[in-house]
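Secondary and tertiary structure notes
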Amino acid sequence: MQYQEILDQLPSLADPRAVEGMARYGINPDRAYGVSIPNLRRIAGKAGKDHELAGELWSSGIHEARILASMVEDPGKVTEEHMNRWAADFNSWDLCDQCCNNLFRKTPFAHSKALEWSSCEEEFVKRAAFALMASLAVHDKGAPDTAFTKFLPLIERESSDSRNYVKKAVNWALRQIGKRNRGLNGPAVELADKLRQSDLKAARWIGSDAYRELTSDAVKSRLAP
């Protein structure tokens, strides 16, 4: 599919009610059509991997076109500069999370960018760091446990950030690391226990929520050795 063909198709899939709902769920509705993720995935399936098309879609500034760009971009052609440039454009949690899960986690720079971005001040760039940690914990099956224990000090350091989209991503990363296997569950639970006793409200929320899930019978029963 060509760039203009996709841009012409998006309005036909628009859902004004979805756009109204986006604002209620903290998603920036500017330049958005309300096209569903399944519809975007169908378009991506027809388009295939296309580096040039992905760049055009991202440059359009249209919300759904940017999510679609993360689906059609070739991870093998993504550079660190490319990742930095796109991350700087994040203006909503769903665009951040879709880009991290669809694309950034598949690049050779995923782990290093998670480390780097965790200290950024920009809200959605920092969120991207922890969204990447969470996604890698689920999908990077071959990574050693040490690839994830190195994230725990960063989770502790940034647990003081009370901004909603950062706080929830830090919590998400801690929970996913703790659910990866039994070896990581212990350190994650230990950190969660420490955070839930913190004097800081954000850290207490992160720790309490993660501790409750990571020590549940449901999680313990399905953890791989």
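First things first, this report covers the structure right here in the doc. Just so it is clear, the structure is predicted and the values come from calculations on it, not from any experiment. (Residues numbered from 1 in each chain as written. Predicted model: local features only at pLDDT ≥ 70, side-chain atom pairs only at ≥ 80, totals over all residues. Heavy atoms only, no water.)

**Quick look at the side chain of Glu64**
Convention followed: Here a helix means four or more residues in a row that DSSP labels H or I, a strand means two or more in a row labelled E, and each is numbered from the N terminus. Exposure is judged per residue with a 1.4 Å probe applied to protein chains only, and the accessible area is read against the type maximum: over 50% gives exposed, under 20% gives buried, and values in between give partly exposed. A positive count includes Lys and Arg, and a negative count includes Asp and Glu. His and the chain ends are not counted in either. Salt bridge, as used here, is a side-chain nitrogen of Lys or Arg placed within 4 Å of a carboxyl oxygen of Asp or Glu. In protein, a polar contact means a hydrogen-donor-capable atom and an acceptor-capable atom, both N or O and within 3.5 Å, with residues adjacent in sequence counting only if both atoms are side-chain atoms; elsewhere, any N or O pair within 3.5 Å suffices. Residues are treated as being in contact if the distance between any of their heavy atoms lies within 4.5 Å.
Note that Glu64 resides in helix α5 (residues 63-72). Comment: no salt bridge for buried Glu64; closest opposite-charge side chain is Arg31, at 9.0 Å. Here the side chain of Glu64 touches Gly34 through a polar contact of 2.6 Å, landing on its backbone nitrogen. If we skip the residues at most four places from it in the chain, Glu64 touches Arg31, Ala32, Tyr33, Gly34, Val35 and Leu40.

**A few points about the environment of Pro29**
Tracing the sequence through the fold places Pro29 in the loop between α2 (16-24) and α3 (37-47). For Pro29, a relative accessible area of 30% gives the class partly exposed. For the pair Pro29 and Ala18, spaced 11 residues apart in sequence, the C-alpha separation works out to 9.3 Å. Not counting chain neighbours up to four residues away, the residues in contact with Pro29 comprise Val19, Met22 and Ala23.

**Focus on the packing of helix α13 (residues 182-196) against helix α14 (residues 201-214)**
Stated precisely, the cut-off is as follows: Axis definition: a line fitted to C-alpha atoms, over the contacting stretch in the case of helices. Angles run 0 to 180 degrees between N-to-C directions. By definition in this entry, angles of less than 35 degrees are roughly parallel, angles greater than 145 are roughly antiparallel, angles of 65 to 115 are roughly perpendicular, and the rest are oblique. Note: crossing handedness is left-handed where the near helix turns anticlockwise from the far helix by less than a right angle, and right-handed where it turns clockwise. Nonpolar residues are Ala, Val, Leu, Ile, Met, Phe, Trp, Tyr, Cys and Pro. Charged residues are Asp, Glu, Lys and Arg, and all others, Gly as well, are polar.
Contact pair α13 / α14: the axes reach a minimum separation of 7 Å and the direction vectors enclose 140°. Between α13 and α14, the crossing angle belongs to the class labelled oblique. When the axes of α13 and α14 are compared, the crossing they make is left-handed. Touching Asn185, Ala188, Val189, Ala192, Asp193, Leu195 and Arg196 of α13 are Ala203, Arg204, Ile206, Gly207, Ser208, Ala210, Tyr211 and Leu214, all from α14. Here the residues of the contact of α13 with α14 are counted per class, giving nine nonpolar, three polar and three charged.

**So, the packing of aromatic side chains**
Stated formally: Each Phe, Tyr or Trp ring, with Trp reduced to its six-membered ring, pairs with another whose centre is within 6.5 Å; inter-plane angles below 30 degrees give stacked pairs, above 60 give edge-to-face pairs, and intermediate values give tilted ones. Whether a charge sits over a ring depends on NZ of Lys or CZ of Arg being within 6 Å of the ring centre and within 35 degrees of the ring normal.
On inspection of all chains with the given rule, the structure shows six aromatic pairs. Ring geometry for Phe104 versus Trp117: centroids 5.8 Å apart, planes at 55°, classification tilted. Of the two residues, Phe104 is situated in the loop between α7 (93-102) and α8 (110-117) and Trp117 in helix α8; the sequence distance between them amounts to 13 residues. Each of the two residues, Phe104 as well as Trp117, counts as buried. For the ring pair Phe148 and Phe151, a centre distance of 6.1 Å and an interplane angle of 75° mean the geometry is edge-to-face. As far as burial versus exposure is concerned, Phe148 and Phe151 are alike and both buried. Clustering of aromatic rings is evident, with ring pairs tying together Trp58, Trp86, Phe90, Phe104 and Trp117. The ring centre of Tyr211 lies 3.6 Å from the NZ or CZ of Arg196, which sits over that ring.

**A word on α3**
To be explicit about the condition: The arc under discussion is defined with respect to the helix axis, by the directions toward the C-beta atoms.
All of the buried residues along α3 are Asn39, Leu40, Ile43, Ala44 and Ala47. Axial view of α3: buried residues confined to an arc of 140°, hence all on one face. Of the residues in α3, the exposed ones pointing more than 90 degrees away from the buried face are Arg42, Gly45 and Lys46. On its buried face, α3 sits against α1 (3-9), α4 (51-59) and α5.

**As for the pattern of salt bridges**
Applying the stated criterion across every chain, the model contains 17 salt bridges. Here Arg127 ties to Asp97 by a salt bridge, and the two come within 2.7 Å at their closest N and O atoms. One end of the pair, Arg127, is in helix α9 (residues 123-139); the other, Asp97, is in helix α7, and 30 residues separate them in sequence. For Asp97, a relative accessible area of 12% puts it in the buried group. Lys179 is paired through a salt bridge with Glu213; the nearest N and O atoms lie 2.8 Å apart. Placement of Lys179 in the loop between α12 (164-178) and α13 and of Glu213 in helix α14 is noted, with a sequence separation of 34 residues between them. On the basis of relative accessibility, which here comes to 22%, the residue Glu213 falls in the partly exposed class.

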